[in-house]
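Here is how the chains run, residue by residue.
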Amino acid sequence: FIMGNRSVNYWLTALSAHSSDMSVWLFMGFPGAIFLQGLPQVWIAIGLILGMWANWYFIAPPLRRLTESYDSYTLSTFFERRFNDPSGSIRLVTGIFALLFLTAYLTSGVIAMGQVIESLFLIPYEWGILITMPILIVYVFLGGFVTVAWVDCFQAIFLVTVILIVPAVAYLAIGGASAISEAAAFKGVPIALFPPGGWDATWASLIFGLSWGIGYFGQPHIITKFMGISDPKQLRKSMILGMSWQVICLSAAVFIGVIAIAYFPLGIYNHEMVFIEMVKMIFNPFTASFILCAVIAANMSTMDSQVLVAGSIFSEDILRKITKHPLGSKVLLKFARVGVVLIPVIASILAMTIFRRGFILDMVGYAWSGLGTTFGPIVFAALFMKSINKYGVLSGVLVGATVAALWPILGPYIFSFPLLPIVPGFIISFILMWGVSNLTARKVEAS
């Protein structure tokens, strides 16, 4: 249920991993950022491409090999066994933080689902959530890892087709590049790679964009897909296929945002709805409804992986550790399915109350940074650094996750430009993990 018995082939691994990454953010959050702030936002895409390549090249092979060697099906279990922590503290602490940030990530998807259904069918936001979430829960509840992988694969093929068709048709509809240049000049939106404002603005744009790539090392719903491939020797083929898919999709999303500058010269009520409104205006209702199913597919392909990982963490890493008596596989499977239901319900409640009208890009950036900061340094240490011990890991996790959680409050007082919390969080977590491990090396040896 959790890992599909490590039986997934290379192309299914590639498409499932990448479609789990590219959520509705690909159609809404990212084109909306390009439309609003111009082409310098393309550095987000460049950062993501570089980060995912590094993930495939450096992280995937040893992670697949070592998780099988340590008989681990979740990252938290792998950390516990790799760093020799019989107390279970690492598993419990990393599991709790993973659930918190995964729930935040899932909430962004629920918000997007409510907005899409409301825009397409004029169904109230809350009812859109209540209609779609049970569908997601049912197929993850029944099928587990293999079902999620196959669903993600079909959705990946569908959405890459759609995201190529729409900007091509829209480009012809606006009259070409001259219309984009005129609209951008009129609105004051930069359409060059580097923003106006000199070196300070350029460095701020580069750091913000490229820092997204660091987060890949700590995304459980993505890197666990590496753990499920049947033959580790096929990972290189997976990388080529997956990276090609990602480059195509991100490039098309950039073009959507740029074209939208000319397509909506007077602006739009919500910049994250440019793709949806563009499709509704260009195509007839039947074709538009078919195309916009890709937005729902992109959302579902990320949310199902997050729900499955959250359910496995709830069962394998939290309940298994806080329960005094050992639990059998059937009992753990039942708890995993409880988590598959419980976590989406909590995310739906948050999306309908506290974060009812939150911006998708902001929510994704927060959760992405939280997961990347919590897990990224540990994944790197577990695979490549023999000197790191359990005390260093616990210190790094606690401080890194705290920095990521509080950064939206603290960041504006420290930096004058927007900076994802993953940058300070990753650096502080890694330094502290290394320092504490060296200070407690003798204590570990003595034990």
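Placed above this text is the structure.
Residues numbered from 1 in each chain as written. Predicted model: local features only at pLDDT ≥ 70, side-chain atom pairs only at ≥ 80, totals over all residues. Heavy atoms only, no water.

Asks: So what exactly am I meant to see when it comes to the overall build of the protein chain here?
Replies: Within the protein chain, the secondary structure is distributed over 17 helices and zero strands. Over its C-alpha trace the protein chain gives a radius of gyration of 22 Å, about what one expects of a compact globule, namely 22 Å for 447 residues. Its C-alpha atoms put the protein chain at 70 × 50 × 45 Å along the principal axes. Within the protein chain, buried positions represent 59% of all 447 residues. Put simply, of all contacts in the protein chain between residues at least 6 apart along the chain, 84% involve residues at least 24 apart. (Helix = DSSP H or I, 4+ residues; strand = E, 2+ residues; numbered from the N terminus. Rg over C-alpha atoms; globule rule 2.2 N^0.38 Å. Buried < 20%, exposed > 50% of the residue type's maximum accessible area, 1.4 Å probe, protein only. Contact = heavy atoms within 4.5 Å.)

Asks: Looking at this model, I keep getting lost on the packing of aromatic side chains. Mind explaining?
Replies: Aromatic rings in a pair are described by how distant their centres are and how their planes are angled relative to each other. Applying the stated criterion to the full structure yields 17 aromatic pairs. What links up through ring pairs into an aromatic cluster is the set Tyr70, Phe78, Phe79 and Phe375. Above the ring of tyrosine 10, the side-chain terminus of lysine 237 is found at 5.4 Å from the ring centroid. (Phe/Tyr/Trp six-rings, centres within 6.5 Å; stacked < 30°, edge-to-face > 60°. Lys NZ or Arg CZ within 6 Å of the ring centre and 35° of its normal.)

Asks: Honestly, the environment of serine 289 in this entry has me stumped. Any pointers?
Replies: Here serine 289 is to be found in helix α12 (residues 285–322). A polar atom in the side chain of serine 289 sits 2.6 Å from the backbone oxygen of phenylalanine 286. (Polar contact = N/O pair within 3.5 Å; in protein donor to acceptor, adjacent residues only side chain to side chain.)

Asks: Sorry if this is basic, but what is going on with the nonpolar core here?
Replies: One broad rule of soluble globular proteins: the nonpolar side chains tend to lie buried together. The biggest cluster of nonpolar side chains holds 148 residues, and the ones touching the most others in it are Trp25, Leu26, Phe27, Phe79 and Phe275. Setting aside chain neighbours within four positions, we find leucine 26 in contact with Pro31, Leu159, Ile163, Cys249, Leu250 and Ala253. (Core = buried A, V, L, I, M, F, W, Y, C linked by side-chain atoms within 4.5 Å.)

Asks: Honestly, the packing of helix α5 (residues 89–121) against helix α15 (residues 390–414) in this entry has me stumped. Any pointers?
Replies: One way to put it is that α5 packs onto α15 with a least axis distance of 10 Å and a crossing angle of 15 degrees. The angle between the axes of α5 and α15 places the two elements in the roughly parallel class. Read as a crossing pair, α5 and α15 show a hand that is left-handed. Contacts between α5 and α15 involve Ser89, Ile90, Val93, Thr94, Phe97 and Phe101 from the former and Lys390, Val393, Leu394, Val397, Leu398, Ala401, Ala404 and Ala405 from the latter. Considering only residue class, the contact of α5 with α15 consists of 11 nonpolar, two polar and one charged. (Axes fitted to C-alpha atoms, helices over the stretch in contact; angles between N-to-C directions. Parallel < 35°, antiparallel > 145°, perpendicular 65-115°, else oblique. Left-handed = near helix turned anticlockwise from the far one by under 90°. Nonpolar A, V, L, I, M, F, W, Y, C, P; charged D, E, K, R; others polar.)

Asks: What is the right way to read the environment of threonine 302 from this model?
Replies: Mapped onto the elements, threonine 302 comes out in helix α12. Spatially, the C-alpha atom of threonine 302 lies 9.6 Å from that of valine 148, the residues being 154 residues apart in sequence. Apart from residues no more than four positions distant in its own chain, threonine 302 is found in contact with Ser19, Ser20, Asp21, Met22, Ser23 and His221.

Asks: Any chance you could explain the environment of phenylalanine 226 here in plain terms?
Replies: The topology assignment puts phenylalanine 226 in helix α9 (residues 220–227). Along the chain, phenylalanine 226 and valine 8 lie 218 residues apart, while their C-alpha atoms are 9.6 Å from each other. Excluding residues that lie within four positions of it along the chain, phenylalanine 226 makes contacts with Ala17, Met52, Asn55, Trp56, Ala60, Leu63 and Arg64.

Asks: Looking at this model, I keep getting lost on the pattern of salt bridges. Mind explaining?
Replies: Evaluated as defined, the whole model comprises three salt bridges. Its salt-bridge partner being glutamate 277, residue lysine 280 comes within 3.5 Å of it at the nearest N-O pair. With lysine 280 and glutamate 277 both in helix α11 (residues 274–282) and three residues apart, this pair spans about one turn of that helix. Lysine 280 sits in the partly exposed class, given a relative accessible area of 34%. (Salt bridge = Lys/Arg side-chain N within 4 Å of Asp/Glu carboxyl O.)

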